[in-house]
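Chain residues, written in single-letter form:
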Amino acid sequence: MTIAISGRGLHQTFDGGRVTPLAGVDVDVEAGHMVAVVGASGSGKTTLLNVLGLLDRPERGEVLVGGQSTTQLDERRRALLRARHLGFVFQDSLVDHRRTAAENVALACVFAGMRRSARTASVHAALEAADVDHRAGSLAGTLSGGERQRVAVARAIVHRPEVLLCDEPTGNLDEANTSRVFDLLTSFVAGGGAVVLVTHDLELAERCDVVLRVSGGSVRVA
Amino acid sequence: MRGSGCSSRVRDVLEHTALTIRRTGGRAIAFALAACAASGLLAFGVTEAAGRESEVGARFDDLAAETLQVSLPLRGSPYDELGQELIGAIRGIDGVTGVAWGGREDVWAAREHGPAAPARLWTLDGDLAILGLETTGRGGSGLSRGLLVGGAAAHLADGLARFDRVVVDGRRLVADGVVVRSPAIVDLLDAVALVGEGSPLSMAAPGELVVGVRPGWAHVVAPRLARVLAPSRESSVLVRYPPEPDALRGNVLASVGSLVWAAAASIVVLGAAAVMVGTLFRVLAERRLLGMYRAIGAPASFVIATLVLEAGIVGVLGGAVGTVLGLGVAAARALAAGTALHIPWVWVLLGASTGVVANTLGALVPALLAVREAPLTALRAR
C-alpha cells in the first residue's frame, strides 16, 4: 500500500475560532484509489481539499505528499510541489478563455518544468484521453461547459501527477458529461494515481473506492 | 521529463507574454496608444524646446548685447595692426557705436625701491566708455587716463599699493585708480592697465577688440565686422558676446529648460501612473485567473515577469512609434515655420528610455500586489 498523500492531525478554524471545519483530522489517500469526500455545505470538504492540495496551511498538523512533510516548505517550494506532484480540477472549469484548449493544457507542462520536446506529445495525449483533442486549437471561451471541464481535467493530468484534487468537478455538468469526466478520473486511478473528489453527488461517491464524510470537524469513512 | 533550464524558463515567459499580448489586442493597443501619446508629447516637447532655446538665445543676444568682442591674435587678417584705416572701417559699420581695444603682456611690477613681482599689463585705448569700466582713485569714480590697477593686482605684489608710485618694467608711473568693475574685459580686475598710451594694437599679439553696438544690432554688426577684419577668412573671426548678457541668457534659458524638463518628467510620471492603474485593473479583472495559475503551480516570478514584460514590450513598441511621430510633427512644424530643426537626440533617447523604465516599474507594483495575495484568496474572488 503506497500512501500518495496524507494529513496528520489537521486543524483549521475560521471566523476567529467560531467555525472549526477540521479538528485534528487524519486522512490517508492511497495510490490507485479514488476517495470521495462528502458532507453538507459548509461542513469543511473544500477546506480539507485545499489543505491537502497545499493551497491553504493548516493551523496545526501536517500534510505529507509522497511521504514528504510539507510543513516547513516556503510558498515557492509548495508551488513547485503543486506543479509537479498534484493536479487540480475546479468546479467551474477555471480555464484561460484567451487560450486554446491545447495552450491551456500546456500551461501545466510549463509550470511542472516539463521538457519542451515532451510537451506537445503530452498535451496531445491528455486531450485525447479527455476526448477533447478535436477541439485542441479552439479558444477555451468557445468550448461548451463539458468540453471546458474535460480540458481542465486534461490540464490536471498532463504532467502525470501522483494526486488529483477535484472540487465538485461535475457540479455544473449534465449527466453525460458527468459520466465522461468521471470516466477520465477512473482512468487516471487505473494508471496508479490517487484522486480526492469532493462531491455532493452521492451516486458518484458510491462509485469511488472510499467515501469520507466530513461533519462537525471530523472525517469518517462512510 | 523535466527540463527546468534557465533559458527554457525565459523562453516560456516570453512565449506566454507574446501570446497574452496577441490574444488581448484591445488592451495591448490601449496601453501602446498611451505609451505612444506620452512618448510623442515628450519627443515633440523636447525638440520644440531645443528649437525655441536656439531662437530665443540668438534673439536675446541681439537685444541684450551692447558690445561685441573679438579676441586677438586674429588669424586670417590682412592687417598687422589696428591702424586708423581699420578703426575707421569698423566705425563705419552701421550700428557700431564705438571701438575700444586692449593689448595684453606679462611684466614685472613693483613699488618704488620695493621687490618686483610678475603682473599682467593691459594697454587700453579707443572709446574707453564702451568698456564699462568702473574705477576708484584720486579722480573719484570717473575714468582717468594713466595707470590703473586691478583690485586683485594691488594685493598680489606686496609693494604695488594703491594710489602710489609704481615701477612697471622699469618705467616709473603713478597709479591713478583701481579697477573695481570691468564687464567687457574681466581680466582687467587682476591686472595693471595703461590707458591712452596711443600705441597701435598688434593684431598678432594677445588682446581684445571691443566694438560697441546699438541694441538689437549685434547680429547685423557681427558678420560685417568679420568681413572688415578678415575679408577672405571671415570664419576665422570669432565674435564673442559680452559675459553679462551671456550669463543672463544662460539664467533665462536654464529657467525655460527647467520648465520643459518638469513638464517632461510629469509626462513620464503620468504615463507610468496610467500603466500602473491599467495593470492594476487588469490584475483585478484577472484575479481568479492569476489565482488559478498560482494554484496549479505557477511560481510568483512567472506571474510578475509576464505582467511586467507585457507592459515593457507594449511600452517599447508604443514609445518607439510615439517618438517617431513626435519628431515627425516637430519636423513638420519647423518646416512650416521655416525654422531650423534642432533634435536633441540624447535627451529624446533618454526621455524615451526613461519612459519605458517608468512604464515597466509602473507594472511592477500591481504585479507584486497580485502575487502577495494567497492563491486561494484569489480563487475565491468574484
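Values in this document were obtained by computation on a predicted structure and should not be read as measured data. (Residues numbered from 1 in each chain as written. Chains lettered and ligands numbered in written order. Predicted model: local features only at pLDDT ≥ 70, side-chain atom pairs only at ≥ 80, totals over all residues.)

*Asks:* Provide a residue-level description of the overall build of chain A, including the pertinent values.
*Replies:* Scanning chain A from N- to C-terminus turns up 7 helices and 10 strands. Evaluated residue by residue, chain A yields a buried proportion of 52% over its 222 residues. (Helix = DSSP H or I, 4+ residues; strand = E, 2+ residues; numbered from the N terminus. Buried ≥ 20, exposed ≤ 12 C-beta atoms within 10 Å, placed from the backbone.)

*Asks:* Report on the overall build of chain B, specifying residues and quantitative values.
*Replies:* Scanning chain B for helices and strands turns up 10 helices and 12 strands. Burial statistics for chain B: of 382 residues in total, 38% are counted as buried. Considering only intrachain contacts with a sequence separation of at least 6, the fraction spanning at least 24 residues in chain B is 85%. (Contact = placed C-beta atoms within 7 Å.)

*Asks:* Explain the sheet that holds strand 7 (residues 163-167) of chain A to me, using residue names and the numbers behind them.
*Replies:* Residue and element names in this part refer to chain A. Reading across from one edge, 6-7-8-3-9-10 is the order of the 6 strands in this open sheet, with mixed pairing throughout. This sheet does not close on itself; its edge strands, each paired only once, are strand 6 (86-89) and strand 10 (218-221). Across this sheet, the average inter-strand angle for adjacent strands is 20 degrees, counted without regard to direction. Pairing geometry for strand 6 and strand 7, over 4 bridges, is parallel. Note that in strand 7 the partner of glycine 87 across the bridge is leucine 164. Where helix 1 (residues 45-52) meets the sheet, its contacts fall on strand 3 (34-38), strand 7, strand 8 (194-198), strand 9 (210-215) and strand 10, and the angle it forms with strand 8 comes to roughly 150 degrees. (Pairing = 2+ DSSP bridges. Axes fitted to C-alpha atoms, helices over the stretch in contact; angles between N-to-C directions.)

*Asks:* Can you tell me about the interface of chain A and chain B, naming the residues and giving the values?
*Replies:* As a measure of interface size, the accessible area lost when the parts come together is often cited. On the side of chain B, 20 residues touch chain A, which itself brings 22 residues to the contact. Secondary structure elements with two or more residues in the side of chain A that touches chain B: helix 2 (75-85), helix 3 (101-112) and helix 4 (116-129) of chain A. Looking at side-chain class alone, the side of chain A that touches chain B contains 12 nonpolar, 2 polar and 8 charged residues. (Nonpolar A, V, L, I, M, F, W, Y, C, P; charged D, E, K, R; others polar.)

*Asks:* Would you mind going over the nonpolar core in detail, with residue names and values included?
*Replies:* Ranked by internal contacts, the top residues of the largest apolar core, which has 119 residues, are Val37, Val105, Leu185, Val195, Val196 and Leu197 of chain A. Broken down by element, the residue count for this core peaks at 13 residues, all from helix 2 (residues 25-64) of chain B. Setting aside chain neighbours within four positions, we find leucine 185 of chain A in contact with Met34, Leu164, Cys166, Val195 and Leu197 of chain A. (Core = buried A, V, L, I, M, F, W, Y, C linked by C-beta atoms within 7 Å.)

*Asks:* Can you explain helix 2 of chain A? Please cite residues and give values.
*Replies:* Taken as a whole, helix 2 of chain A has its buried residues at Arg78, Ala79, Arg82, Ala83, Arg84 and His85 of chain A. Of the surrounding elements, those touching the buried residues of helix 2 of chain A are strand 4 (60-65), strand 6, helix 3 and strand 7 of chain A together with helix 7 (287-295) of chain B.

*Asks:* Kindly report on the sheet that holds strand 5 (residues 68-69) of chain A, identifying the contributing residues and their values.
*Replies:* Residues and elements named next belong to chain A. An order of 2-1-4-5 is seen for the 4 strands of this open sheet, with the pairing classed as antiparallel. This sheet does not close on itself; its edge strands, each paired only once, are strand 2 (19-30) and strand 5. Of the pairings in the sheet, the one linking strand 1 (residues 3-14) to strand 2 comprises 8 bridges and is antiparallel in character. When the bridges of strand 2 are listed, leucine 10 appears paired with valine 25.

*Asks:* Which residues make up helix 3 of chain A, and what are the values?
*Replies:* With 12 residues, helix 3 of chain A should reach 16 Å at 1.5 Å per residue; the first-to-last C-alpha distance of 18 Å fits that figure. The buried count for helix 3 of chain A comes to 12 of 12 residues, which makes it a mostly enclosed element. What helix 3 of chain A keeps buried is the set Ala101, Ala102, Glu103, Asn104, Val105, Ala106, Leu107, Ala108, Cys109, Val110, Phe111 and Ala112 of chain A. Against the buried residues of helix 3 of chain A lie helix 2, helix 4 and helix 5 (145-157) of chain A together with helix 1 (6-23) of chain B. (Expected span 1.5 Å × (residues − 1).)

*Asks:* Describe the environment of glycine 212 of chain B, and please don't skip the residues or the numbers.
*Replies:* Residue and element names in this part refer to chain B. Within the secondary structure layout, glycine 212 lies in strand 11 (residues 207-213). Taking the C-beta count within 10 Å as the criterion, glycine 212 has 23 such neighbours and is therefore assigned buried. Each residue touching glycine 212, except ones within four places of it in the same chain, is listed here: Glu66, Thr67, Val96, Thr97, Gly98, Asp127 and Ile130.

*Asks:* Explain the pairing of strand 3 (residues 96-111) of chain B residue by residue, including any values.
*Replies:* All names here are of chain B. Looking at chain direction, strand 3 and strand 11 are connected through 7 bridges and run antiparallel. Bridged to valine 99 within strand 11 is valine 211. In this structure, strand 3 lies alongside strand 4 (residues 117-126), joined through 10 bridges in antiparallel fashion. From the neighbouring strand, glycine 103 faces strand 4, where its bridge partner is threonine 123.

*Asks:* Provide a residue-level description of the packing of helix 1 of chain B against helix 8 (residues 300-337) of chain B, including the pertinent values.
*Replies:* Residue and element names in this part refer to chain B. At a minimum axis distance of 9 Å, the contact between helix 1 and helix 8 shows a crossing angle of 55 degrees. Comparing the axis directions of helix 1 and helix 8 gives the class oblique. Where helix 1 crosses over helix 8, the handedness of that crossing is right-handed. In this structure, helix 1 uses Val13, His16, Thr17, Thr20 and Ile21 to contact helix 8, whose residues at the interface are Phe302, Ala305, Thr306, Leu309, Glu310, Ile313 and Val314. For the contact of helix 1 with helix 8, the class distribution of residues is 7 nonpolar, 4 polar and 1 charged. (Parallel < 35°, antiparallel > 145°, perpendicular 65-115°, else oblique. Left-handed = near helix turned anticlockwise from the far one by under 90°.)

*Asks:* Could you give an account of the packing of helix 5 of chain A against helix 6 (residues 175-190) of chain A, with specific residues and numbers?
*Replies:* All names here are of chain A. At a closest axis distance of 10 Å, the pairing of helix 5 and helix 6 adopts a crossing angle of 10 degrees. On the basis of the axis angle, helix 5 is roughly parallel to helix 6. Residues Gly146, Gln149, Arg150, Val153 and Ile157 of helix 5 pack against Asn177, Arg180, Val181, Leu184 and Phe188 of helix 6.

*Asks:* Can you explain the pairing of strand 11 of chain B? Please cite residues and give values.
*Replies:* All names here are of chain B. Counting buried positions along strand 11 yields 7 of 7 residues, so the element is predominantly enclosed. The side-chain alternation of strand 11 yields two buried faces, one formed by Gly207, Leu209, Val211 and Val213 and the other by Glu208, Val210 and Gly212. In this sheet, strand 11 lies alongside strand 1 (residues 67-72) in antiparallel orientation, the contact comprising 6 bridges. From the neighbouring strand, threonine 67 faces strand 11, where its bridge partner is glycine 212.

*Asks:* Break down the environment of glutamate 162 of chain A for me, citing the residues and quoting the values.
*Replies:* Residue and element names in this part refer to chain A. By the element assignment, glutamate 162 lies in the loop between helix 5 and strand 7. Once the C-alpha coordinates of glutamate 162 and glycine 193 are considered, the two residues, 31 residues apart in sequence, prove to be 5.1 Å apart. The contact partners of glutamate 162, leaving out residues within four places of it in the chain, are Ala4, Ala31, Gly66, His85, Gly193 and Ala194.

*Asks:* Go over unusual backbone geometry, please, and point to the residues and values.
*Replies:* A cis amide bond links leucine 72 of chain B to the next residue, proline 73 of chain B, at an omega of 5 degrees. When you line up the elements, proline 73 of chain B lands in the loop between strand 1 and strand 2 (81-82). Although it is not a glycine, aspartate 15 of chain A sits at a positive phi angle of roughly 55 degrees. Positionally, aspartate 15 of chain A belongs in the loop between strand 1 and strand 2. If you check the backbone angles, leucine 54 of chain A has positive phi at about 60 degrees while not being a glycine.

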